[in-house]
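Here's the letter readout for the chains.
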Amino acid sequence: SSAASDVYKRQDLLNLKDKFGSNSLDKKIMRVHALGVPDTYTRFANCCNPISGDFITGYITRNRGITVHRNDCHNILHISEQERLVDVQWGSVPGTRYPALIRVEGWDRIGFVRDISTVIADEGVNMVGLRTDESEDGRVVVTVTVESDGLEHLLVVMHKLDTIRGVISVGREP
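Residues numbered from 1 in each chain as written. Predicted model: local features only at pLDDT ≥ 70, side-chain atom pairs only at ≥ 80, totals over all residues. Heavy atoms only, no water.

> How should I be thinking about the nonpolar core in this particular structure?
Within soluble globular proteins, side chains that are nonpolar tend to cluster in buried spots. Of all hydrophobic cores here, the largest spans 30 residues; its most connected members are Ile 102, Val 104, Phe 112, Ile 116, Ile 120, Val 146 and Leu 161. With five residues, helix α4 (residues 151-162) is the single largest residue contributor to this core. With near-sequence residues (within four places) excluded, Ile 102 lies in contact with Val 142, Thr 143, Val 144, Val 146, Leu 154, Val 157, Met 158, Leu 161, Val 170 and Gly 171. In this structure, Ala 45, Cys 48, Cys 73 and Ile 76 belong to the second largest nonpolar core, which totals seven residues. (Core = buried A, V, L, I, M, F, W, Y, C linked by side-chain atoms within 4.5 Å. Buried < 20%, exposed > 50% of the residue type's maximum accessible area, 1.4 Å probe, protein only. Helix = DSSP H or I, 4+ residues; strand = E, 2+ residues; numbered from the N terminus. Contact = heavy atoms within 4.5 Å.)

> Could you clarify how one ought to interpret the pattern of salt bridges in this entry?
Side chains that differ in sign of charge can pair as their charged atoms come close. The final tally for this structure, using the stated rule, is 13 salt bridges. We note a salt bridge from Asp 115 to Arg 109, for which the minimum N-O separation is 2.6 Å. Comparing Asp 115 with Arg 109, the two get one shared label, buried. One salt-bridge network, held together by shared partners, links Arg 103, Glu 105, Asp 137, Arg 139 and Glu 173. (Salt bridge = Lys/Arg side-chain N within 4 Å of Asp/Glu carboxyl O.)

> Just to check I follow, could you spell out the packing of helix α3 (residues 112-122) against α4 for this structure?
Packed helix pairs are specified by the crossing angle of their axes together with the interaxial distance, meaning the distance between the axes. Orientation of α3 relative to α4, taken along the N-to-C sense of each, is 145°, at an axis distance of 10 Å. Remark: the crossing between α3 and α4 carries right-handed chirality. Residues Ile 116, Val 119 and Ile 120 of α3 form the contact with α4, whose own contacting residues are Val 157, Lys 160 and Leu 161. Residues belonging to the contact of α3 with α4 are distributed by class as follows: five nonpolar, no polar and one charged. (Axes fitted to C-alpha atoms, helices over the stretch in contact; angles between N-to-C directions. Left-handed = near helix turned anticlockwise from the far one by under 90°. Nonpolar A, V, L, I, M, F, W, Y, C, P; charged D, E, K, R; others polar.)

> Would you mind going over the side chain of Arg 84 with me for this structure?
Positionally, Arg 84 belongs in the loop between α2 (74-77) and β6 (85-90). The residues touching Arg 84, leaving out its near neighbours within four places in the chain, are Gly 58, Tyr 59, Ile 60, Thr 61 and Arg 62.

> For this particular structure, what's the right way to read the sheet that holds strand β7 (residues 98-107)?
Within a sheet, neighbouring strands are paired by backbone hydrogen bonds and run either parallel or antiparallel to one another. Strand order in the open sheet formed by four strands is β8-β9-β7-β10, and the pairing between neighbours is antiparallel. A strand with exactly one partner marks an edge of an open sheet, and here the two such strands are β8 (126-134) and β10 (167-172). Across the sheet, the mean angle separating the axes of adjacent strands is 20° when strand polarity is ignored. Of the strand pairs in this sheet, β8 and strand β9 (residues 139-148) are connected by eight bridges, and their pairing is antiparallel. Pairing of Arg 131 across the sheet is with Thr 143, part of β9. Relative to β9, α3 is tilted by about 20°, and along the sheet it contacts β7, β8, β9 and β10. Across the sheet, α4 touches β7, β9 and β10, and the angle it forms with β10 is around 170°. (Pairing = 2+ DSSP bridges.)

> Would you mind going over the pairing of β7 with me for this structure?
Taken residue by residue, a regular strand's side chains alternate between the two faces of the sheet. Relative to β9, β7 runs antiparallel, the two being bridged by ten bridges. For Trp 107, the partnering residue across the bridge sits in β9 and is Arg 139. By the bridge criterion, five bridges tie β7 to β10 in an arrangement that is antiparallel. Each bridged residue has a counterpart across the sheet, and for Val 104 the counterpart in β10 is Val 170.

> Any chance you could explain the packing of aromatic side chains here in plain terms?
For any pair of aromatic rings, the description rests on two quantities: the centre-to-centre distance and the angle between the ring planes. Taken as a whole, this structure holds one aromatic pair when the rule is applied. Where Phe 44 meets Tyr 98, the ring centres are 5.6 Å apart and the plane angle is 85°; that geometry is what we call edge-to-face. With Phe 44 in strand β3 (residues 42-44) and Tyr 98 in strand β7, this pair connects stretches of sequence that are 54 residues apart. The residues Phe 44 and Tyr 98 share a single accessibility class, namely buried. (Phe/Tyr/Trp six-rings, centres within 6.5 Å; stacked < 30°, edge-to-face > 60°.)

Here you go:
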């Protein structure tokens, strides 16, 4: 974007910071830096649930500050108002946990869900939700909501989940 556009966006961000103040640290608000303005009022996008380490983009909303999306989010890839997108980077907030959805597909068996929860617990990750969907051919999809301290740790957990007997695939849900 042009330098004039960046100055305009920067002033908008400063106005948002004045309006909302610095971030509170709850599950929906995080610290990011947008166009060099630290502690701009930002929130996670529910559609893609970015976590620390993901490549991210900010979207300036009309009344709620900046919503932070993963770069591969369907909503960002198909947005019509490109001028509302801003560069954002992760700030550092020790101890911050990010909600993430993990999808584990495997062959249903006794102890399958237990094995998944054991791997997650052994990695020191808090599991805050779990859903199972069975298919007629003996497969099951387990969708787990976890609180992770970032992408690197989440990838370790996903790799370990992939080693469970009967697992077909492991991936992130948007």
